[in-house]
Amino acid sequence: MTTIAIPPGMPQYGDVPSYDVAAVRADFPILDRKVNGHPLVYLDSANTSHKPRQVLDVLREHYEWRNANVSRSVHTLGTEATEAYEGARAKVAAFINAPSPDEVVFTKNSTEAINIVAYAFSNASLRPDADPRFRLGPGDEVVISEMEHHSNIVPWQLLCERTGATLRWFPVTDHGRLDESGLTDLVNERTKIVSLVHMSNILGTVNATSRITQRVREVGALLLLDCSQSVPHMPMDVVDYDPDFIVFTGHKMCAPSGIGVLWGRAELLAAMPPVLGGGSMIETVAMSGSTFAPPPTRFEAGTPPIAEAVALGAAVDYLSGVGMRAIQWHEKQLTAYALDALATVPGLRIFGPNVPVGRGGTISFALGDIHPHDVGQVLDSLGVQVRVGHHCARPVCTRFGVPAMTRASFYLYTTTEEIDALVAGLEQVRKVFA
Amino acid sequence: MQVDQLYQEIILDHYKHPHGRGLRDADDPAASVAEAHHVNPTCGDEVTVRVATDGAVLHDVSYDGYGCSISQASASVLHELLAGRPAAEAFAVHAAFVELMSGRGEVTPDEEVLGDGVAFAGVARYPARVKCALLPWMAFKDAAARAGVDTSPTEVQG
Ligand SMILES: Cc1ncc(COP(=O)(O)O)c(C=O)c1O
């Protein structure tokens, strides 16, 4: 790749963490399948990732060996199931360097995790004795950005409607970066919470958060990072990043669907009123009223997705085994390769950063004026699976003046040959619609 | 599955050279005119269909929109098949097209009734694309109802 010699004693090119991609691919049974007569080329991991055998085995073993409800039984199976469930919580906590497993709330997905925070605000706003950090009313402000997934827009719009607070947002630059030029105006003494995507699911942009964190601290607001696209692809350390909440979703990180995470600083979770009421989340219940369990159980009403949580634990074991630094580096190389390769396709326009810096392995583009649906359909006939549409981030499409985009996204099992197949497929698309 | 089945020449031709595209005013000032705008929220396809009618005959079916080849070609075929037709006939064609698209590829289309619409038989095998093909037809139905046409097919034929 390069001929420049790095002086001895400095980090060498060969020093980057790496792994055997072919060996990793062998762990994912689905990658052997054919689609429409072609080998599967799966470029839609930002949508949902595949699951390695190691995770599927744990899921199966859970049901075949220690299936029982959690936290409700004294019997052996119940105890083992509870240990597995709580063990997964501890693994997830370690994975993001959370100070305590009690800061990890299991949810259904990122969407539910964000809604828990939004509804905690809502519920607190109705109670004069609630923690003032969670009380919202007219004059207060909530800040998001133009590059959010709908999951990080709609809950805040609804919250602002309910409370009379005002929703504001960071714009996006022409290069697909967060426009922080208005930071001090946007985040001010009226701001109660800033909820920001860490890595955009459509532009691929990885937002630098430190200036925003600093400003949020200055004005005494709270910071939530939507890490749905970052936790699966890069090391996350909540102490280092120093947000107040992060959310992520298991199905994008080798775990099953139906399990997600809300991480919150212990002291904040403890100050939050409950959202869903029901079994498990209580301390004591009388007909005249109830008191609530401490976090995380306070936010886990009802029987949780037990096997899914256990499988998420297995997924973080798997990812840690490969190494998050190595995965991040692998995807960086793929992204650089793909940006170069896509630049050779006539008429192709990339939305978002076109250099492999401050971005992840998710690339959205337009091919001339061929509609993304048609692009996706022809690629599918060649076995290449990409996502087309507005990617649940319609404001981004509006920002760039298109109704839809085509998106290719990579993961630890993606190869450069698959990117070649994409580029060859795009040639075919151009032929059909010439 | 072969992508050629989906992208028949006829469909690509209607897409590249659409017939009767553009929203038009009615020639007859006495005509009842109404339109409907439909979107496909999963992909952002959009179409507006306008119907000009005296209640018995659809003097014009005009449209405008943005979207994939399937939805836009379908609007072109809609115009070609329905503009100028008696309302009852038009709704028989409408019913036949909806039946074809709902048939998962099991319905054999009647070319007498559907004309170039038969090219969409292959689309019916792609559930994700059926909505694209139906988008203008659903907008048409709404527009016709708003223009005061009785939208039940009375003389089913073909
Ligand atoms: C950035 C971002 N936020 C939130 C979500 C929502 O995730 P889920 O649908 O699993 O709740 C997604 C994924 O679709 C995403 O990419």
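This structure is a prediction, so every number in the text was calculated from the model and none was measured.

Peer 1: Pulling in residues and values, what's your account of the sheet that holds strand S13 (residues 348–351) of chain A?
Peer 2: Residue and element names in this part refer to chain A. If you trace the 4 strands from one edge of the open sheet to the other, you get S13-S14-S17-S16, paired in antiparallel fashion. The open sheet is flanked by S13 and strand S16 (387–389), the only strands paired with a single partner. Between one strand axis and the next, the sheet turns through 30 degrees on average, direction left out of account. As paired elements, S16 and strand S17 (residues 405–409) share 3 bridges and run antiparallel to each other.

Peer 1: Which residues make up the packing of aromatic side chains, and what values go with them?
Peer 2: Residues and elements named next belong to chain A. Scanning the model with the defined rule gives 11 aromatic pairs over all chains in all. Residues phenylalanine 28 and tyrosine 318 carry aromatic rings whose centres are separated by 5.8 Å and whose planes lie at 80 degrees to one another, so their mutual orientation is edge-to-face. Separated by 290 residues along the polypeptide, phenylalanine 28 in the loop between helix H1 (21–26) and strand S1 (34–35) and tyrosine 318 in helix H10 (residues 306–322) bring together distant segments of the chain. The class for phenylalanine 28 is buried, based on a relative accessible area of 1%. Assessed through its relative accessible area of 9%, tyrosine 318 is described here as buried. Lying over the aromatic face of tyrosine 119, arginine 162 brings its terminal NZ or CZ to 4.0 Å of the ring centre. The ring of phenylalanine 400 is capped by arginine 399, whose NZ or CZ atom sits 5.0 Å from the centre of that ring.

Peer 1: Can you tell me about the interface of chain A and chain B, naming the residues and giving the values?
Peer 2: Residue-level contacts link 15 residues of chain A with 20 residues of chain B. Taken together, the two surfaces of chain A and chain B that pack against each other cover about 1400 Å², and 54% of this comes from carbon and sulfur. Of all residues in chain A, A:His371, A:His373 and A:Gln377 give up the largest surface area on contact with chain B, accounting jointly for 37% of the area buried on that side. Inspection of the chain A/chain B interface yields 1 salt bridge. The salt bridge involving B:Arg129 is made with A:Asp374; its shortest N-O contact spans 3.1 Å. On the surface where chain A and chain B come into contact, there are 7 residue pairs in polar contact (both at pLDDT 80 or more). Partitioning the side of chain A that touches chain B into residue classes produces 6 nonpolar, 7 polar and 2 charged.

Peer 1: Give me the pattern of salt bridges: which residues, what numbers.
Peer 2: Residues and elements named next belong to chain A. Summed over the entire model, instances satisfying the criterion amount to 27 salt bridges over all chains. In this structure, the salt-bridge partner of arginine 25 is glutamate 418, at a minimum N-O distance of 3.3 Å. Taken together, the residues span a long stretch of sequence, with arginine 25 in helix H1 and glutamate 418 in helix H14 (residues 416–432) at a distance of 393 residues. A salt bridge links arginine 89 to glutamate 300; its shortest N-O distance comes to 2.8 Å. Note that arginine 89 is positioned in helix H3 (residues 76–95) and glutamate 300 in the loop between strand S12 (289–292) and H10, a separation of 211 residues in sequence. Neither arginine 89 nor glutamate 300 differs from the other in exposure class; each is buried.

Peer 1: Would you mind going over the nonpolar core in detail, with residue names and values included?
Peer 2: Formed by 77 residues in total, the largest nonpolar core has its most connected members in A:Leu422, A:Leu426, B:Ile70, B:Leu82, B:Met101, B:Phe120 and B:Phe140. Those residues in contact with B:Phe120, other than ones at most four positions away along the chain, are B:Ile11, B:Ile70, B:Ala73, B:Ser74, B:Val77, B:Phe97, B:Leu100, B:Met101 and B:Ala133. Within the second largest apolar cluster, 76 residues are counted, among which are A:Ala93, A:Phe170, A:Cys254 and A:Tyr318.

Peer 1: So what's going on with the pairing of S17(A)? Residues and values would help.
Peer 2: Residues and elements named next belong to chain A. Extensive coverage of S17 is indicated by the burial of 5 of its 5 residues. Where burial is concerned, the two faces of S17 agree: the one with Met405, Arg407 and Ser409 and the one with Thr406 and Ala408 are both buried. Examined bridge by bridge, strand S14 (residues 362–367) and S17 share 4 bridges and lie antiparallel to one another. Following the sheet pairing, serine 364 is matched in S17 by arginine 407.

Peer 1: Lay out the site of the ligand in plain terms, naming residues and giving numbers.
Peer 2: Residue and element names in this part refer to chain A. Near the ligand there are 13 residues, and of these Thr111, Asp226, Gln229, Thr249 and Lys252 occur at the shortest range. Here an oxygen atom of the ligand sits 3.5 Å away from a polar atom, N or O, in the side chain of asparagine 109. Side-chain polar atom of threonine 249 to an oxygen atom of the ligand: 2.7 Å apart, as the coordinates give it. Across the complex, the protein chains shield 89% of the 390 Å² of accessible surface that the ligand would expose by itself. Residue classes in the shell around the ligand are distributed as 1 nonpolar, 10 polar and 2 charged.

Peer 1: I'd like to hear about the side chain of B:Ser74, residue by residue, with values.
Peer 2: Residues and elements named next belong to chain B. Within the secondary structure, serine 74 sits in helix H3 (residues 69–82). Looking at serine 74, the relative accessible area reads 0%, which means it is buried. A distance of 2.9 Å separates polar atoms of two side chains, one belonging to serine 74 and the other to tryptophan 137. Apart from residues lying up to four places away in sequence, serine 74 is in contact with Phe97, Phe120, Ala133, Pro136 and Trp137.

Peer 1: Describe a nonpolar patch on the surface, naming the residues involved and giving the relevant values.
Peer 2: A cluster of nonpolar side chains, namely A:Ile282, A:Val285 and A:Phe292, defines an oily patch on the protein surface of about 230 Å² accessible area. Topologically, A:Phe292 is positioned in strand S12.

Peer 1: If you had to explain the sheet that holds strand S10 (residues 260–264) of chain A to someone new, which residues and values would you point to?
Peer 2: In any sheet, the strands associate via hydrogen bonds between backbone groups, in a parallel or an antiparallel arrangement. Residue and element names in this part refer to chain A. One open sheet holds the 7 strands; their spatial order is S4-S10-S9-S8-S7-S5-S6, and the pairing between them is mixed. The strands lining the two open edges of the sheet, one partner per strand, are strand S4 (104–107) and strand S6 (166–170). Neighbour-to-neighbour, the strand axes of this sheet turn through a mean angle of 20 degrees, independent of strand direction. The pairing of S4 with S10 spans 4 bridges and is classified as antiparallel. The residue of S10 that forms the bridge with threonine 107 is glycine 260. This element, helix H4 (residues 110–125), spans S4, strand S7 (191–197), strand S8 (222–226), strand S9 (245–249) and S10 of the sheet and lies at about 150 degrees to S9. Its contacts with the sheet put helix H7 (residues 210–219) on S6, S7 and S8, and the angle it makes with S8 is roughly 150 degrees.

Peer 1: Before we move on, could you go through the environment of A:Arg89 and cite the residues and values that matter?
Peer 2: Residue and element names in this part refer to chain A. For arginine 89, a relative accessible area of 2% gives the class buried. Here the alpha-carbon distance between arginine 89 and valine 261, two residues 172 residues apart in the chain, equals 9.4 Å. In this structure, arginine 89 is in contact with Pro101, Val104, Val105, Phe106, Pro296 and Glu300, ignoring residues within four places of it in sequence. Within the structure, arginine 89 has its side chain in polar contact with the side chain of glutamate 300 (distance 2.8 Å).

Peer 1: Would you mind going over the environment of A:Gly14 in detail, with residue names and values included?
Peer 2: Here A:Gly14 is to be found in the segment before H1. In this structure, the C-alpha to C-alpha distance between A:Gly14 and A:Leu203, residues 189 residues apart in sequence, is 30 Å.

Peer 1: Report on empty space enclosed by the protein, specifying residues and quantitative values.
Peer 2: All names here are of chain A. Taken as a whole and judged by the stated rule, the model has 1 cavity of 30 Å³ or more. Each pocket or cavity is described by its volume, and for the largest cavity that value is around 60 Å³. Considering the residues around the largest cavity, the lining is formed by Val70, Ser71, Tyr85, Glu86, Arg89, Ser280, Thr297, Glu300, Gly302 and Pro304.

Scoring rules and cut-offs
- Residues numbered from 1 in each chain as written.
- Chains lettered and ligands numbered in written order.
- Predicted model: local features only at pLDDT ≥ 70, side-chain atom pairs only at ≥ 80, totals over all residues.
- Heavy atoms only, no water.
- Pairing = 2+ DSSP bridges.
- Helix = DSSP H or I, 4+ residues; strand = E, 2+ residues; numbered from the N terminus.
- Axes fitted to C-alpha atoms, helices over the stretch in contact; angles between N-to-C directions.
- Phe/Tyr/Trp six-rings, centres within 6.5 Å; stacked < 30°, edge-to-face > 60°.
- Buried < 20%, exposed > 50% of the residue type's maximum accessible area, 1.4 Å probe, protein only.
- Lys NZ or Arg CZ within 6 Å of the ring centre and 35° of its normal.
- Contact = heavy atoms within 4.5 Å.
- Buried area = accessible area lost by both parts, 1.4 Å probe.
- Salt bridge = Lys/Arg side-chain N within 4 Å of Asp/Glu carboxyl O.
- Polar contact = N/O pair within 3.5 Å; in protein donor to acceptor, adjacent residues only side chain to side chain.
- Nonpolar A, V, L, I, M, F, W, Y, C, P; charged D, E, K, R; others polar.
- Core = buried A, V, L, I, M, F, W, Y, C linked by side-chain atoms within 4.5 Å.
- Near = heavy atom within 4 Å.
- Areas by Shrake-Rupley, 256 points an atom, 1.4 Å probe, with all protein chains shown as cover.
- Patch = residues over 30% accessible without salt bridge, like charges linked within 9 Å, V, L, I, M, F, W, Y side chains within 5 Å.
- 1 Å grid on protein atoms, 1.4 Å probe; cavity = no way out; pocket = protein on both sides within 12 Å on 5 of 7 lines; lining within 4 Å.
- Points joined across faces, edges and corners; volume = space filled by probe spheres on them.

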